[in-house]
Amino acid sequence: MNTSSNLIATEQRLGANNYKPLDVVLTRGEGVHVWDTDGKRYLDCLSAYSAVNQGHCHPKILAAMVEQAGRLTLTSRAFRNDQLAYLYEELAALTGSHKILPMNSGAEAVETAIKAVRKWGYEVKGVPEGQAEIIVCANNFHGRTLSIISFSTDPDARTGFGPYTPGFRVIPFGDAEAFAAAINANTVAALIEPIQGEAGVIIPPAGYFTRVRELCTANNVTLILDEIQTGLGRTGKLLAEEHEGIEADVTLIGKALSGGFYPVSAVLSNSEVLGVLKPGQHGSTFGGNPLACAVARAALKVLTEEGMIENAETMGDYFLDGLRSIRSNIVKDVRGRGLMLAVELEPEAGGARQYCYALKDRGLLAKDTHDHTIRFAPPLVITREQVDWAISQIERTIT
Ligand SMILES: Cc1ncc(COP(=O)(O)O)c(C=O)c1O
């Protein structure tokens, strides 16, 4: 057996079977490319679910990480460190947020927001204790913790893990009237993805978020946008909310906040919501650690200074045009915003996974989602020539 077969066999023997990866064993990455253990190069069109927006192993983020790792990695929040204040300052300047709470994974940021808006609901809005409701959308994906999967509508994510956390009201995504109807006196917040990524890059109708924003303001409901996947340049704007010219009350970011080097997430909000959390009420040993802060600072710096957000917009439009120009009778829909793109195949095509394997053989890594959809989300540093190459591989695979 060669190295990769050995490694795959060991994973299967010893690892929990909670993922079904494509059988490609990667060992190195640089920019938009990754290499497998046999030395074959691939164009990465997943970017670790949009965590590697800045490209693999970005040298400036790497340098910041190495420098900080040699100096101080973890203090816990029992003491202060000399990186956190800078991260706060830089994030606040970039996003206009007044309060920031750093965590590690995306799911932790979501959990943090849920805790904060519930407390805000009781202490500020005056909702009776234990009655807070949060509006969420069908086909959402916000992570894997128990409270989060309690309001998932995906049977794989939810079934068998009860008893579930109450306090969530599920409505259809993109339906402003359903949203209006779901609000009641106990509604403290709405938690929504600007574009549903895991559901297959589902973009809501134009005007949806404008109406949702109006309804939230009119009813004193906190609008939480989960920008963990859509944020930090992925859709061609720093935050996807900018496409509709709205501002969330609470914004969740993660993934690309570290350029893929380290789990770093954050809750961004106005003072009122995060202001309800007092010492001892929430935290994390690793949240806000100096290594995470140094990495995140470098990741944000290269994202903005190296024009990655603008590139996501131009290359995203170009990629989308390229995908739309492909004539294939198995393509049902092509959609996307910035470099968050998807091709939905006709059910008769026999499932997206086989096409992902065919793409892999051609040197392009992409991931199927929900049986019939292939997502394309390369690092934001992709060039026109690399998009051309990707389109020609995709065209040959699906025609
Ligand atoms: C929109 C959204 N929210 C939350 C998460 C969860 O992030 P994590 O896997 O870091 O917990 C994801 C991950 O894919 C996501 O896409």
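Residues numbered from 1 in each chain as written. Predicted model: local features only at pLDDT ≥ 70, side-chain atom pairs only at ≥ 80, totals over all residues. Heavy atoms only, no water.

### Quick look at the sheet that holds strand β13 (residues 364-365)
Now for step 1: Here we have four strands laid out as an open sheet, ordered β1-β2-β3-β13, and mixed in their pairing. Sheet topology places β1 (26-30) and β13 at the edges, where each strand pairs with a single neighbour.
Now for step 2: Sheet analysis places strand β3 (residues 41-44) next to β13, joined by two bridges and oriented parallel. The residue bridging Asp-44 from the neighbouring strand is Leu-365, located in β13. (Pairing = 2+ DSSP bridges. Helix = DSSP H or I, 4+ residues; strand = E, 2+ residues; numbered from the N terminus.)

### Examining the site of the ligand
Now for step 1: Taken together, Ser-105, Gly-106, Ala-107, Phe-141, His-142, Gly-143, Glu-193, Asp-226, Ile-228, Gln-229 and Lys-255 form the complete shell of residues around the ligand.
Now for step 2: At a separation of 2.8 Å, an oxygen atom of the ligand approaches a polar backbone atom of Ala-107.
Now for step 3: In the complex, the protein chains occlude 81% of the 390 Å² of accessible area that the ligand would expose alone.
Now for step 4: Classifying every residue of the shell around the ligand by side-chain character gives three nonpolar, five polar and three charged. (Near = heavy atom within 4 Å. Polar contact = N/O pair within 3.5 Å; in protein donor to acceptor, adjacent residues only side chain to side chain. Areas by Shrake-Rupley, 256 points an atom, 1.4 Å probe, with all protein chains shown as cover. Nonpolar A, V, L, I, M, F, W, Y, C, P; charged D, E, K, R; others polar.)

### Quick notes on unusual backbone geometry
Now for step 1: Residue Pro-163 follows Gly-162 across a cis peptide bond; omega there is 0°.
Now for step 2: Within the fold, Pro-163 resides in the loop between α7 (155-158) and β6 (168-171).
Now for step 3: At Ala-48, a residue that is not glycine, the phi angle is positive and equals roughly 50°.
Now for step 4: Relative to the helices and strands, Ala-48 resides in helix α2 (residues 47-50).
Now for step 5: One non-glycine residue, Asn-139, adopts positive backbone phi at about 65°.
Now for step 6: For Asn-139, the position within the fold is in the loop between β5 (133-137) and α6 (146-150).

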